[in-house]
Amino acid sequence: MQNFQINKEKYFKAIGYAPESPQWDVHRSNKRWRINVQGRRSGKSYSAAREAEAALFVPETRGWIVAPTYDLAGKIGREVHQMLGINLGFIQSKRMVSGQMFYAKCKNGSELWLKSADRPDSLLGEGLDFIVGDEVAVWSKIIFEQYLRPTLSDRLGWFLGNTTPRGFNWIYDLYKRGQSNDFPEWDSWQHPSSSSRYFRDSLSELKRELTKETYEQEILARFTSFAGKVFPFDRNTHVKKIEFNPAWETFCSIDFGYRMPAVIWAQVGKVEGGHEIHIIDEIIHETDIRTEELADKILAKGYPVQKYFCDPAGEGVQSSSGLGDVTIFRRKEISPISYKTDKISRALPSGIDLVRSYLENAEGKSRLFISDICKGIIVDFENYRYPEKKEERRLRDEPLKDGYHDHGMDAVRYFFINRFPIVKREAIEVQRYW
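Scoring rules and cut-offs
Residues numbered from 1 in each chain as written. Predicted model: local features only at pLDDT ≥ 70, side-chain atom pairs only at ≥ 80, totals over all residues. Heavy atoms only, no water. Helix = DSSP H or I, 4+ residues; strand = E, 2+ residues; numbered from the N terminus. Buried < 20%, exposed > 50% of the residue type's maximum accessible area, 1.4 Å probe, protein only. Axes fitted to C-alpha atoms, helices over the stretch in contact; angles between N-to-C directions. Parallel < 35°, antiparallel > 145°, perpendicular 65-115°, else oblique. Left-handed = near helix turned anticlockwise from the far one by under 90°. Contact = heavy atoms within 4.5 Å. Nonpolar A, V, L, I, M, F, W, Y, C, P; charged D, E, K, R; others polar. Phe/Tyr/Trp six-rings, centres within 6.5 Å; stacked < 30°, edge-to-face > 60°. Lys NZ or Arg CZ within 6 Å of the ring centre and 35° of its normal. Pairing = 2+ DSSP bridges.

K.L.:
Would you mind going over the environment of Glu205 with me for this structure?
P.N.:
Along the chain, Glu205 falls in helix α7 (residues 203-209). Residue class for Glu205 comes out partly exposed when judged on its relative accessible area of 28%. Separated by 157 residues in sequence, Glu205 and Ala362 have C-alpha atoms that sit 9.6 Å apart.

K.L.:
I would appreciate a short explanation of the packing of helix α2 (residues 21-28) against helix α3 (residues 44-56) in the present structure.
P.N.:
Relative orientation and spacing of two packed helices are given, respectively, by the angle between their axes and the distance between those axes. Viewed as axis vectors pointing N to C, α2 and α3 meet at an angle of 30°, and their least axial separation amounts to 11 Å. Put simply, α2 runs roughly parallel to α3. Between α2 and α3 lies a crossing whose hand is right-handed. Together, Gln23, Val26 and His27 of α2 and Ser47, Arg50 and Glu51 of α3 make up the contact between the two elements. Class assignment of the residues belonging to the contact of α2 with α3 gives a composition of one nonpolar, three polar and two charged.

K.L.:
Would you mind going over the packing of aromatic side chains with me for this structure?
P.N.:
For any pair of aromatic rings, the description rests on two quantities: the centre-to-centre distance and the angle between the ring planes. Taken as a whole, this structure holds 31 aromatic pairs when the rule is applied. Here the aromatic rings of Phe144 and Phe159 are separated by 5.0 Å at their centres, their planes lie at 55°, and the arrangement is tilted. Of this pair, Phe144 sits in helix α5 (residues 141-148) while Phe159 sits in strand β7 (residues 158-163), and the two are 15 residues apart along the sequence. Classification of Phe144 by relative accessible area gives buried; the value is 2%. Among the aromatic residues, ring-to-ring pairing joins Tyr11, Phe12, Tyr17, Trp24, Tyr46, Phe57 and Phe90 into one connected group. One Lys or Arg, Arg34, reaches over the ring of Trp158 and ends 4.8 Å from the middle of that ring. In this structure, Arg149 is placed above the aromatic ring of Trp33, and the distance from its NZ or CZ to the ring centre is 4.5 Å.

K.L.:
Teacher, can you tell me more about the sheet that holds strand β6 (residues 130-134) here?
P.N.:
Strand-to-strand pairing in sheets goes through backbone hydrogen bonds, with the strands running parallel or antiparallel. Judged by pairing direction, the sheet is mixed, and its eight strands sit side by side in the order β3-β4-β5-β2-β6-β7-β1-β8 without closing on themselves. Both edges of this open sheet fall to β3 (91-97) and β8 (186-191), since each of them pairs with a single strand only. Geometrically, the sheet is characterised by an average inter-axis angle of 15° between neighbouring strands, direction not taken into account.

K.L.:
Sorry if this is basic, but what is going on with the environment of Gln179 here?
P.N.:
The residue Gln179 is located in the loop between α6 (170-178) and β8 in this model. The exposure class of Gln179 is partly exposed, given its relative accessible area of 44%. Residues Gln179 and Trp189, ten residues apart in the sequence, show an inter-C-alpha distance of 8.2 Å. Beyond its immediate sequence surroundings of up to four residues, Gln179 is in contact with Ser188 and Trp189.

K.L.:
I would appreciate a short explanation of the pairing of strand β2 (residues 62-67) in the present structure.
P.N.:
The side chains of a regular strand alternate between the sheet's two faces. Of all six residues making up β2, six are buried, and the element is well covered by its neighbours. By the alternation rule, side chains of β2 split into Arg62, Trp64 and Val66 and Gly63, Ile65 and Ala67, which are all buried.

Rendered as structure tokens:
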């Protein structure tokens, strides 16, 4: 294992870096395997860059910065480039792509590469002295065990994994090692976003916008479980008598399927503190309905729909008619029909998290209500569940597709991700790599 030959405290003082207590926990640890669990926007990447810099001052050191994507790895890479390359002139040569450093060789012979965990073939290489990992909880366990850990064997290199939790996945197991005396080479920490001066968002605003589970995971850095019932749905809270409101926007959301399609009508109105959603009508749990028949049923409802939402799979061609569901709907003059195709919106956990935040945010307030005439969607909300945990298996992060309750829930999700697009904000990345 590489012996640090640089006094970190003197180096940090020289470059004007004043680590906070959570960051000092990481910097002062000499354990080979370190897992640093922190909330969003709390300085994980910044301190990771400083840790990599200190390692590179040891001559002939080889290290990698690995993140879920090259762009995320570039966050740490930019910090290292700015400090070692521009400020200190310590980088002798480098390779830049689109203004981003992907490789650097220092004047003492040390080398640094930026790597992406979504490209396993690029993770094969010579032995390394260190790896700094960013958002490691969204990596596949295989990436760490089969690709990265072996590269540290020859030179007894060290690993620092920075991350926000992702449920009780494989990173939780590594975190527990760092808390156990049975694993003397491991160390781990857990700090909320609010413990850092780098976090400037409003906690009260985040509590209003996020679900309790998301707030605990992303901001408080707690390992949380989404086991059992998917949504915090309660008939006493979320079901009531609702009349059509002509002053509110009206939308129709469709989950196509001949065997059992699902359709909901939702209205959106502005209230104090944001929007309120009413699901006012449905076509749920009806079987063997051809697309043309479904279109006629929708038109027969007579609602003044501003826009229709669906799954992009609706553009696919049916083998029987040679036309896609969306095409058939448009020929029936049901339009405009739109759908999301981006990776964030299409991620099932992201859409579920968005719906959950309207049912109950971190403050316990509800902004989604169901008409008491919508018997089917009410039952779907109550019975949409995650797989049961078994001792030999981890919890899955996606609900069961039982072919009955999931169709209505998909229609609800399509409405939310289209009407309220998932946005990547500074305080929390909504994108999921489950």
